[in-house]
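Residues per chain are reported as follows:
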There are 8 protein chains.
Amino acid sequence: MSIDHRSILEGVRDKKISVEEALLKLKEVPFEDIDFAKVDIHRKLRQGSAEIIYGESKTTKQIRGIVDAMQKNGQDRIMITRLSADAFADLSDISSITYHEDARIATIGGFCEPDGIGRIVVATAGTSDVPVAEEAVVTARFLGNDVTTIYDVGVSGLHRLLAHLDDIMSASVIIAVAGMEGALASVLGGLADCPVIAVPTSVGYGAAFEGMTALLCMLNSCASAVSVVNIDNGFGAGYVAGLINHKKN
Amino acid sequence: MSIDHRSILEGVRDKKISVEEALLKLKEVPFEDIDFAKVDIHRKLRQGSAEIIYGESKTTKQIRGIVDAMQKNGQDRIMITRLSADAFADLSDISSITYHEDARIATIGGFCEPDGIGRIVVATAGTSDVPVAEEAVVTARFLGNDVTTIYDVGVSGLHRLLAHLDDIMSASVIIAVAGMEGALASVLGGLADCPVIAVPTSVGYGAAFEGMTALLCMLNSCASAVSVVNIDNGFGAGYVAGLINHKKN
Amino acid sequence: MSIDHRSILEGVRDKKISVEEALLKLKEVPFEDIDFAKVDIHRKLRQGSAEIIYGESKTTKQIRGIVDAMQKNGQDRIMITRLSADAFADLSDISSITYHEDARIATIGGFCEPDGIGRIVVATAGTSDVPVAEEAVVTARFLGNDVTTIYDVGVSGLHRLLAHLDDIMSASVIIAVAGMEGALASVLGGLADCPVIAVPTSVGYGAAFEGMTALLCMLNSCASAVSVVNIDNGFGAGYVAGLINHKKN
Amino acid sequence: MSIDHRSILEGVRDKKISVEEALLKLKEVPFEDIDFAKVDIHRKLRQGSAEIIYGESKTTKQIRGIVDAMQKNGQDRIMITRLSADAFADLSDISSITYHEDARIATIGGFCEPDGIGRIVVATAGTSDVPVAEEAVVTARFLGNDVTTIYDVGVSGLHRLLAHLDDIMSASVIIAVAGMEGALASVLGGLADCPVIAVPTSVGYGAAFEGMTALLCMLNSCASAVSVVNIDNGFGAGYVAGLINHKKN
Amino acid sequence: MSIDHRSILEGVRDKKISVEEALLKLKEVPFEDIDFAKVDIHRKLRQGSAEIIYGESKTTKQIRGIVDAMQKNGQDRIMITRLSADAFADLSDISSITYHEDARIATIGGFCEPDGIGRIVVATAGTSDVPVAEEAVVTARFLGNDVTTIYDVGVSGLHRLLAHLDDIMSASVIIAVAGMEGALASVLGGLADCPVIAVPTSVGYGAAFEGMTALLCMLNSCASAVSVVNIDNGFGAGYVAGLINHKKN
Amino acid sequence: MSIDHRSILEGVRDKKISVEEALLKLKEVPFEDIDFAKVDIHRKLRQGSAEIIYGESKTTKQIRGIVDAMQKNGQDRIMITRLSADAFADLSDISSITYHEDARIATIGGFCEPDGIGRIVVATAGTSDVPVAEEAVVTARFLGNDVTTIYDVGVSGLHRLLAHLDDIMSASVIIAVAGMEGALASVLGGLADCPVIAVPTSVGYGAAFEGMTALLCMLNSCASAVSVVNIDNGFGAGYVAGLINHKKN
Amino acid sequence: MSIDHRSILEGVRDKKISVEEALLKLKEVPFEDIDFAKVDIHRKLRQGSAEIIYGESKTTKQIRGIVDAMQKNGQDRIMITRLSADAFADLSDISSITYHEDARIATIGGFCEPDGIGRIVVATAGTSDVPVAEEAVVTARFLGNDVTTIYDVGVSGLHRLLAHLDDIMSASVIIAVAGMEGALASVLGGLADCPVIAVPTSVGYGAAFEGMTALLCMLNSCASAVSVVNIDNGFGAGYVAGLINHKKN
Amino acid sequence: MSIDHRSILEGVRDKKISVEEALLKLKEVPFEDIDFAKVDIHRKLRQGSAEIIYGESKTTKQIRGIVDAMQKNGQDRIMITRLSADAFADLSDISSITYHEDARIATIGGFCEPDGIGRIVVATAGTSDVPVAEEAVVTARFLGNDVTTIYDVGVSGLHRLLAHLDDIMSASVIIAVAGMEGALASVLGGLADCPVIAVPTSVGYGAAFEGMTALLCMLNSCASAVSVVNIDNGFGAGYVAGLINHKKN
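Residues numbered from 1 in each chain as written. Chains lettered and ligands numbered in written order. Predicted model: local features only at pLDDT ≥ 70, side-chain atom pairs only at ≥ 80, totals over all residues. Heavy atoms only, no water.

J.: I'm lost on the packing of helix α9 (residues 212–219) of chain A against helix α9 (residues 212–219) of chain B in this one. Help?
T.: Closest axis-to-axis distance for the α9 of chain A/α9 of chain B pair is 9 Å, and the angle between their directions is 125°. Relative to α9 of chain B, the element α9 of chain A lies oblique. Remark: the crossing between α9 of chain A and α9 of chain B carries left-handed chirality. Of α9 of chain B, the residues touching α9 of chain A (which contributes Thr 213, Leu 216 and Cys 217 of chain A) are Thr 213, Leu 216 and Cys 217 of chain B. (Axes fitted to C-alpha atoms, helices over the stretch in contact; angles between N-to-C directions. Helix = DSSP H or I, 4+ residues; strand = E, 2+ residues; numbered from the N terminus. Parallel < 35°, antiparallel > 145°, perpendicular 65-115°, else oblique. Left-handed = near helix turned anticlockwise from the far one by under 90°. Contact = heavy atoms within 4.5 Å.)

Rendered as structure tokens:
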């Protein structure tokens with residue numbers, strides 16, 4: 001609530017704007033001064049740095065339009081999620097665009113230097129969970145985080161998981177990605193002393209119910225440090241982990 | 001297919017019974033010779049030893065009647081499941097009856113000597129799961145099994161579970177009893193090399209859905225050795241484990 | 001992996017302990033050196049300060065026993081969750097115990113000074129959500145966090161919510177507690193630039209399905225900063241928020 | 001209950017029809033006189049103006065046949081819902097037919113002049129909800145309503161929604177179209193003082209359960225003015241809103 | 001956005017308030033000028049007339065306090081929903097309070113004269129649905145509507161329903177209240193030419209799932225004029241119907 | 001459509017009634033002549049014999065009133081379903097009333113002589129299913145059917161079921177009553193060559209989901225002769241079976 | 001239990017077979033004498049007339065083989081259900097085979113003369129329900145029943161349904177086929193005095209949940225005469241209706 | 001916890017390794033001595049014999065790589081599950097590889113000689129359940145078990161099932177594979193005196209809910225000997241049965 005409101009008020013004080021005009025102006029721009037400037041559902045995280053486009057239901061033409069608008073606004077780093085390889089092919093002429101195939105994410109302008117307060121660990125129960133995990137990884141790196149991955153460490157092979165105890169114990173935030181019974185989040189939540197973001201995946205068959213079972217399992221974790229995002233929502237997990245790892249004071 | 005059928009046939013051979021009479025008799029007792037002799041839903045496990053009464057929906061008068069009938073048939077060891085403390089009070093005058101309070105089971109004639117081929121391990125995730133576990137324990141002991149219990153070893157405290165690795169690795173069968181997210185079965189299934197019978201419990205709140213979440217979790221276990229029984233069905237788990245531990249050749 | 005293992009190894013080096021004895025000792029305490037020391041499902045957060053007892057399924061006798069054991073171990077601050085007023089009455093003679101009625105939590109030794117990096121905001125949609133919120137508040141305060149509450153700011157009365165915009169914008173973590181349609185989490189997630197922990201409550205009737213609807217709503221939040229805990233799990237939300245607000249570097 | 005019955009009765013009075021014949025005739029046309037004259041599931045709204053064909057499960061041949069029959073009955077304005085672009089191509093030679101691509105609706109004879117008592121506002125949470133919204137818009141316009149659209153104003157970006165406060169406050173009826181968590185209906189219901197028809201959409205993934213979550217959310221709205229139609233049922237919302245906006249006295 | 005904002009601006013123009021003070025003031029009262037003045041979740045419907053208190057989770061002491069506050073604000077007509085007979089007994093000394101037992105509603109200051117544009121018809125499938133229907137009836141009457149009731153006209157006895165065809169055909173809005181299979185809404189929606197608000201009730205057993213089946217049935221109505229509120233939500237139905245019957249121009 | 005309509009028409013023909021009066025009369029009594037005369041949800045089965053009152057949600061005062069009205073209408077045999085023992089005690093002074101305790105049904109005027117074309121067999125899986133079965137038995141007997149019962153013949157003890165093969169093979173209709181997994185209906189449907197009405201019961205625990213599992217099982221029966229009624233709906237099964245056993249030609 | 005058992009017994013009596021041999025023989029053929037002779041899941045209805053093959057999961061080669069085997073056994077009339085048009089093309093050279101396209105059924109040897117005791121009425125709510133209805137129609141006709149169809153008489157257009165009151169009132173059995181809210185079964189059950197077999201269909205969208213809603217609705221019918229078969233199970237409905245219409249005495 | 005730990009300790013005792021080095025070493029190899037050596041989710045069953053690869057989500061390139069690695073480790077017998085015919089074609093050049101088409105399993109190195117303590121019986125309700133059954137059969141055979149199959153013995157044709165009574169009564173373990181209502185497991189559990197592993201299949205339509213109904217049915221079996229694995233999980237059933245049939249002493 002600074003520049004616009006202030007300039008209107010100064011105009012009134014200086015009699016350059018009538019009270020009536022000022023009332024109208026206040027009505028027209030009532031919220032911009034609270035610093036809302038999102039594109040799509042994603043917030044600008046830090047001034048002058050990064051914007052995110054949710055690509056799922058957008059045509060490449062729409063995406064190109066949004067990218068153009070952002071770049072004209074001085075936005076030099078942009079991330080596009082849920083982008084198919086075919087859609088990327090259409091956009092591959094955009095300057096400095098890169099495609100992260102497993103994650104189904106395109107980035108423009110590269111990752112920024114990690115400036116978080118610690119390291120994010122992304123673990124998966126199986127290899128089928130990797131694409132969801134990669135969505136979290138690329139999101140977190142794009143938002144300036146240092147990320148370590150520990151893949152294929154499901155709880156039926158504890159030795160594989162425990163072999164990474166150092167990484168687990170020293171993480172700033174952990175993202176646990178698992179389908180089927182989703183027990184990885186509980187075990188990690190019991191081992192670590194940092195927040196664990198659990199991401200259920202739609203991996204599995206039969207009574208896995210496309211991720212519902214993993215989701216319920218994670219919500220009922222006996223470990224207190226666990227909170228959960230939607231099924232296959234790697235982006236959300238990477239985003240929340242990035243916020244936690246960039247704790248404002 | 002022995003006594004009855006044989007005596008009918010001998011009667012026919014000896015002309016003491018006409019063919020028509022024999023046909024009628026065969027019709028009247030057509031299946032007893034295949035050796036069906038259940039009381040209620042529970043099978044007689046071994047000749048001359050043990051019978052089981054499902055007490056849930058029976059009055060103490062009905063139970064007393066069934067016990068009388070069994071004892072007249074020479075059955076010296078009887079187990080009554082899902083029996084409340086109040087119902088037991090009504091039955092406490094029966095000779096040599098004992099009440100196992102946590103398990104809500106009464107036994108008559110005591111446990112028989114363990115004669116299984118190994119040891120059954122019953123583990124629980126929390127202390128609230130103990131009553132269901134005890135139902136399994138008493139059932140298994142009544143059916144002649146050696147049982148070891150490992151309680152309160154949920155996966156959010158792996159060290160407590162791993163402290164019992166010897167018991168786990170040397171078990172003949174493991175019964176994993178857990179509510180909430182039910183991940184214990186998967187971890188045990190990964191550690192042991194024997195069958196794991198998973199018993200989901202109705203312990204938990206909210207999205208635990210009275211055991212549904214633990215049930216689904218256990219059915220989706222990434223460990224191959226796990227099979228599952230109904231929510232809170234300690235009896236069934238103890239029964240199946242007893243069968244496995246008394247493998248017939 | 002320091003004191004215990006080291007002293008065993010030094011004993012071996014100094015020939016005070018035989019190799020066989022050492023092997024046995026290593027087996028007996030194999031994980032304590034990784035710094036596991038939980039009581040119940042709750043981790044010791046910081047050395048020498050705070051322990052948590054989950055009171056739900058425990059008798060007051062059991063709770064008293066655990067408290068005694070903890071205090072003998074030098075634990076001066078203890079929190080007991082899900083404790084009924086009746087159960088507290090039984091325990092009220094414990095020195096320096098306090099009961100937080102709405103939260104159904106007893107604390108021993110008081111709250112410690114807030115030493116987090118920011119402030120936790122706990123918001124509810126309605127007045128019926130307050131008990132769950134208070135569980136989060138007392139948990140967070142017990143764990144050394146500064147907490148601000150904003151109650152009864154459901155989304156059908158946006159003006160009430162927006163009147164607290166300053167608190168919302170300056171929070172370190174937000175806990176959004178809501179039943180019925182649970183939309184509060186999405187609106188807060190859109191306004192704030194910090195992690196939002198969403199707690200669905202069982203408030204509502206009919207198609208609220210005892211919190212299931214609020215839970216699903218929160219998992220599908222269009223705001224990226226939202227993660228979710230179990231229905232009515234105020235403790236978990238307070239615990240995770242406390243971890244985030246005490247970000248380790 | 002006028003023309004037909006009256007003419008039969010007059011025939012009886014005038015002895016042109018015997019009582020027996022009259023009985024038979026009454027039986028054959030027993031309900032037409034109550035003014036039922038629907039085609040398919042859609043009611044004729046106002047005399048001589050508009051008919052609606054539900055196109056989903058009909059062949060273009062069937063549709064053409066119904067259109068012919070209607071036109072022969074003097075029906076000059078016809079709307080066909082759930083019509084694919086391919087199906088429209090087959091029907092494009094029909095005189096004065098127009099295809100509304102987003103809405104998947106074809107209209108014959110154009111929209112009639114708005115003659116409702118106010119304005120219908122159709123709002124969506126995201127851009128993916130627009131096709132369902134357009135089905136509502138075209139339906140409402142076809143039925144003689146003035147419609148304003150406010151798209152992409154999901155609750156995680158309140159400023160975008162509040163920028164349209166004037167339209168919202170002055171609406172006669174609001175149609176709130178949203179997938180995912182469907183919170184838009186509650187926020188609109190809190191802001192406006194008119195009926196809000198909520199349309200859940202199948203937009204979303206994972207625990208969105210193809211619109212089920214949005215549906216449940218809307219049914220549990222804390223705003224009193226909200227009622228709900230089936231998932232993706234834009235037609236129904238437009239129809240109900242049209243009825244409300246043409247309130248008969 | 002008038003009085004407050006204007007006086008602040010005039011203060012600035014007249015140099016009685018500095019720009020900085022004005023910025024602060026604008027921030028503190030940003031939304032009050034849009035005329036929000038709800039008590040609880042219920043909107044004031046028309047200036048100076050009626051307020052509604054949701055009584056479900058409130059103590060009689062809390063309710064008395066809210067009533068006092070409202071009356072001091074000049075509110076002479078107040079309705080309290082979901083109020084048990086016992087709770088009413090505690091409040092019965094409040095001046096001009098009346099209890100509507102079936103509806104579980106207390107009203108203060110009586111109903112106002114019906115001033116809607118038509119008549120609301122409330123129909124139930126069975127006698128068990130009557131309490132929910134009465135909640136709708138009292139709500140609608142309190143809000144100034146003329147109401148006709150048609151009870152116990154379930155679709156398995158069509159003759160009873162059709163006997164009320166005149167009332168049905170001449171209604172301004174219909175509220176269809178039904179449990180079990182909830183088919184009443186579809187039949188009424190087919191007969192009438194006005195909006196039908198369907199209220200599923202928790203009446204029934206077995207696969208009625210406490211109203212879920214009726215709810216799903218009503219959402220899938222083949223009649224286009226039907227929209228639905230939450231299970232047992234008679235208040236919501238009466239409120240929406242009242243809005244429709246008081247159509248603003 | 002005979003007497004009333006005819007007399008109106010004759011009045012018109014004979015000029016005793018004007019056309020306008022006739023139109024009005026036709027409108028007022030449009031459906032009574034189709035011979036609807038239900039009390040509550042139950043149809044009068046055969047002229048002058050039996051009426052049924054659904055007692056569930058009725059006070060004994062209401063029931064007494066309905067009985068009085070029926071008896072004044074010459075109804076000598078009346079059945080009241082879902083009547084608690086306490087409610088019966090209040091009504092026990094009614095002449096010739098009898099209470100069937102297991103079935104929770106009271107009958108007035110006794111059963112009529114069986115006049116069906118065959119015999120109805122009612123089978124249950126367990127003893128806990130008997131109350132639901134008895135509701136079917138008393139209903140069927142009240143409606144003039146010969147009934148044989150075969151209780152406690154669940155599929156885990158096939159010999160007990162097969163011992164009744166004669167009854168099963170010679171039945172006119174079979175009612176299969178079972179909770180838990182409900183497999184009895186499929187086995188009976190495979191053995192018999194008559195219609196099987198399956199009644200799922202709420203017997204069981206855990207994943208029995210209060211009858212839902214038995215219901216789903218019965219709907220998926222691999223036996224073609226099976227149709228299903230609601231959970232615990234013994235009355236419905238007895239009613240349908242009675243209709244089938246009294247096949248009209 | 002005649003021929004085989006008798007000849008064994010006579011052998012024993014005549015000393016041609018030893019008691020031991022007889023015991024063995026009795027064990028080997030214990031059930032064949034009860035005259036089971038099904039092909040697939042469908043029972044032979046009447047001696048020497050009709051067999052049914054469930055075609056869904058069978059190759060045309062398998063079907064041809066079964067048909068051959070049946071014909072060699074003297075079976076002159078055969079019906080094949082769930083047969084695609086493509087599969088029929090492969091089988092079209094079989095003598096006297098006919099394809100019923102809507103019903104997806106092939107028949108060999110034609111329908112037999114209707115010899116039931118009345119007429120079966122098959123009604124649908126919409127035109128999309130017709131394929132399921134036709135499966136019932138062809139099944140019933142193949143099994144020797146007279147069938148009348150009443151299509152597209154959903155309850156939102158009561159006049160269309162009531163126009164067929166004569167057919168409805170004179171039916172021997174009614175099959176009610178409906179998707180969406182499935183209310184047709186209740187209305188028909190209220191009008192008719194014969195058994196109503198309800199067939200939910202997967203017609204609808206959104207909260208129709210592929211027939212689940214119609215299924216639940218039909219199970220909760222307030223009409224007592226209704227029983228239900230699986231979603232889209234036209235065959236089962238036709239089969240049960242045929243059994244009812246051929247009531248054995 | 002022997003060799004490695006011992007040699008480290010001996011090194012410390014002998015002063016060949018410093019305490020610090022020893023601490024590091026203990027940390028690096030903390031779990032290898034417990035003899036974990038799984039590949040993927042499948043355990044090595046017996047030393048030097050068999051490994052299993054879960055093929056579902058792996059490319060043929062990945063599979064070939066794992067096979068190579070295993071063979072280099074001296075693994076001569078390997079099984080690959082969930083392998084499509086197309087994927088097998090790519091791998092068919094691997095030496096001594098065989099494809100089991102129904103089971104969708106490839107084996108390398110053949111089955112080993114049966115060395116279990118009895119015989120496993122695999123039964124299916126219908127022919128559509130055979131592929132899931134074959135997955136169990138091949139798994140069990142690969143793991144050294146003698147297997148008998150009894151297919152197409154669903155409970156609606158008891159005679160077919162009972163004709164195999166000898167096989168059933170003499171089995172060491174039974175695997176019951178069934179879709180639709182899944183009643184086969186209960187009937188087999190009642191007949192046999194060995195453990196029954198129930199495998200629900202996704203065979204069926206409508207309210208079969210892709211195996212959910214069979215799953216619930218099996219979990220609620222009234223036979224005590226039944227435990228259950230995930231829908232379509234033939235592999236798991238074969239694996240568990242193999243463990244039971246190789247009971248370690």
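J.: Explain the packing of aromatic side chains to me, please; I cannot follow it from the model alone.
T.: Here a ring pair, both rings aromatic, is described through the centre-centre distance and the interplanar angle of the planes. Enumeration over the complete set of coordinates arrives at 16 aromatic pairs over all chains. Judged by centre distance (5.8 Å) and plane angle (45°), the ring pair of Phe 235 of chain E and Tyr 239 of chain E falls under tilted. Taken together, the residues Phe 235 of chain E and Tyr 239 of chain E, both in helix α10 (residues 234–245) and 4 residues apart, mark about one turn of the helix. Judged by relative accessible area, which is 3%, Tyr 239 of chain E ranks as buried. Against the face of Phe 142 of chain A rests Arg 77 of chain A, its NZ or CZ located 4.4 Å from the ring centre. Lying across the ring of Tyr 205 of chain B, Arg 82 of chain C places its NZ or CZ 4.3 Å from the centre. (Phe/Tyr/Trp six-rings, centres within 6.5 Å; stacked < 30°, edge-to-face > 60°. Buried < 20%, exposed > 50% of the residue type's maximum accessible area, 1.4 Å probe, protein only. Lys NZ or Arg CZ within 6 Å of the ring centre and 35° of its normal.)

J.: When you look at the side chain of Asn 230 of chain A in this model, what are you seeing that I'm missing?
T.: By secondary structure assignment, the location of Asn 230 of chain A is in the loop between β9 (226–228) and α10 (234–245). A polar contact is formed between the side chain of Asn 230 of chain A and the backbone oxygen of Tyr 205 of chain D, at a distance of 3.1 Å. Side-chain polar atoms of Asn 230 of chain A contact the backbone nitrogen of Ala 207 of chain D, separated by 2.8 Å. Apart from the residues lying within four places of it in its own chain, the contact partners of Asn 230 of chain A are Val 199 and Pro 200 of chain A, Leu 219 and Asn 220 of chain C together with Tyr 205, Gly 206 and Ala 207 of chain D. (Polar contact = N/O pair within 3.5 Å; in protein donor to acceptor, adjacent residues only side chain to side chain.)

J.: Before we go on, may I ask you to explain the relation of the copies chain A and chain C in this structure?
T.: Turning one copy of the chain about an axis and sliding it along that axis gives the other copy, so a rotation and a shift relate them. Between the two copies, chain A and chain C, the superposition gives an RMSD of 0.5 Å; the rotation angle is 179° and the shift along the axis is 0.0 Å. Those values place the two copies in the arrangement expected of a two-fold rotation axis. Of the C-alpha atoms belonging to chain A, the one lying closest to the rotation axis is found on Val 228 of chain A, 2.4 Å away. Taken together, the interface assignments show that 100% of the residues at the interface of chain A recur at the interface of chain C, consistent with an identical surface on both copies. (Least-squares fit on C-alpha atoms with pLDDT ≥ 70 in both.)

J.: Would you mind going over the domain arrangement of chain A with me for this structure?
T.: Quoted interface sizes are often the accessible area lost when the parts come together. Residues and elements named next belong to chain A. As assigned here, chain A comprises domain 1 (26–108) and domain 2 (119–245). Taken residue by residue, the interface counts 18 residues in domain 1 and 13 residues in domain 2. For the domain 1 and domain 2 pair, buried surface summed over both sides reaches about 1300 Å², with 69% attributable to carbon and sulfur atoms. For the pair domain 1 and domain 2, the number of links is 1 salt bridge. (Domains from an automatic or database assignment. Buried area = accessible area lost by both parts, 1.4 Å probe. Salt bridge = Lys/Arg side-chain N within 4 Å of Asp/Glu carboxyl O.)

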